Amino acid sequence: MSLIVPGYDGSAIVRSTDTEVVGRAPTTAQLLADSSATGGALSTLRITLLDGADGAPPHRHNSCTEMLYLLDGTAHILSADQVLTARTGDLVVVPPGRPHAFAAAPGSNADLLVVVTPGVERFGYFHHLQRIALGQAPPESLLEVQEAYDTYFLQSTEWNTARRAVRHRSVVA
């Protein structure tokens, strides 16, 4: 067993009033602590998804474990080839290399605490996503930064099928 010893000797204290929120409804990310603030131990953020909104598309991390804790609501979470339903208080821990994704369940909001360990500087990734949303960068530019953020995008038939069924139900309903 290996132990990651953070490269700092004080507590990382993040005040809500000092955080940045990127994105806009129905999907926002509150940037809480980046790797540089925790001596490389972890990166953490809060993702809020409204009314069945998509969160992260299928991806994997080569060297990081990702923890998803559902603060409130209901979310669909892809883990390998299985789509799970998580509810308030549920915790999902995804090891390195395992495909995963998340979204709010249809007709539901989802408020997630996301922790990546060991930490990777992730705030730049979310700023990049915001530039894409604002039309300042093309979506395919994410492919150029996959290695920098240890986020490698994948295709998932199971996820696409589950999300297509959600969209179909919401259009028919």
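In the block above lies the structure referred to throughout.
Residues numbered from 1 in each chain as written. Predicted model: local features only at pLDDT ≥ 70, side-chain atom pairs only at ≥ 80, totals over all residues. Heavy atoms only, no water.

Turning next to the overall build of the chain. Looking only at helices and strands, the chain has two helices and ten strands in total. In terms of its C-alpha atoms, the chain occupies a principal-axis envelope of roughly 55 × 40 × 30 Å. Counting across all 173 residues of the chain, residues that qualify as buried make up 40%. For the chain, restricting intrachain contacts to residue pairs at least 6 apart in sequence, the fraction spanning at least 24 positions comes to 71%. Total accessible area on the chain stands at roughly 9,400 Å², and carbon and sulfur atoms take up 54% of it. Both charge centroids of the chain, one from 12 positive and one from 17 negative side chains, sit 7 Å from each other. (Helix = DSSP H or I, 4+ residues; strand = E, 2+ residues; numbered from the N terminus. Buried < 20%, exposed > 50% of the residue type's maximum accessible area, 1.4 Å probe, protein only. Contact = heavy atoms within 4.5 Å. Areas by Shrake-Rupley, 256 points an atom, 1.4 Å probe, with all protein chains shown as cover. Lys, Arg positive; Asp, Glu negative; His and termini not counted. Charge placed at Lys NZ, Arg CZ, Asp CG, Glu CD.)

This brings us to a nonpolar patch on the surface. There is a patch of nonpolar side chains on the surface, built from Tyr-69, Leu-71, Leu-91 and Val-93 and spanning about 330 Å² of accessible area. Along the chain, Leu-91 turns up in strand β7 (residues 91–94). (Patch = residues over 30% accessible without salt bridge, like charges linked within 9 Å, V, L, I, M, F, W, Y side chains within 5 Å. Salt bridge = Lys/Arg side-chain N within 4 Å of Asp/Glu carboxyl O.)

With that settled, the discussion passes to the packing of aromatic side chains. Scanning the entire structure with this criterion turns up two aromatic pairs. Centre to centre, the rings of Tyr-125 and Phe-126 are 5.2 Å apart; their planes meet at 90°, and the pair counts as edge-to-face. We classify Phe-126 as buried; its relative accessible area is 10%. Through a chain of ring-to-ring contacts, the aromatic side chains of Tyr-125, Phe-126 and Tyr-149 assemble into a single cluster. The ring centre of Tyr-125 lies 4.8 Å from the NZ or CZ of Arg-122, which sits over that ring. (Phe/Tyr/Trp six-rings, centres within 6.5 Å; stacked < 30°, edge-to-face > 60°. Lys NZ or Arg CZ within 6 Å of the ring centre and 35° of its normal.)

On to the pattern of salt bridges. Inspection of every chain in the model, using the stated rule, returns two salt bridges. A salt bridge links Arg-46 to Asp-111; the nearest nitrogen and oxygen atoms lie 2.5 Å apart. Of this pair, Arg-46 sits in strand β3 (residues 43–49) while Asp-111 sits in strand β9 (residues 110–117), placing them 65 residues apart in sequence. When its relative accessible area of 32% is taken as the criterion, Arg-46 is described as partly exposed.

Taken as a whole, the largest pocket encloses approximately 920 Å³ of empty space. In terms of lining residues, the largest pocket is bounded by 38 residues, among which Thr-27, Gly-55, Ala-56, Pro-57 and Leu-129 are the most central. At six residues, the largest contribution of residues to the lining of the largest pocket is made by helix α1 (residues 123–133). Its residues placed into classes, the lining of the largest pocket shows 21 nonpolar, ten polar and seven charged. (1 Å grid on protein atoms, 1.4 Å probe; cavity = no way out; pocket = protein on both sides within 12 Å on 5 of 7 lines; lining within 4 Å. Points joined across faces, edges and corners; volume = space filled by probe spheres on them. Nonpolar A, V, L, I, M, F, W, Y, C, P; charged D, E, K, R; others polar.)

Nothing here speaks to function; it is all geometry.
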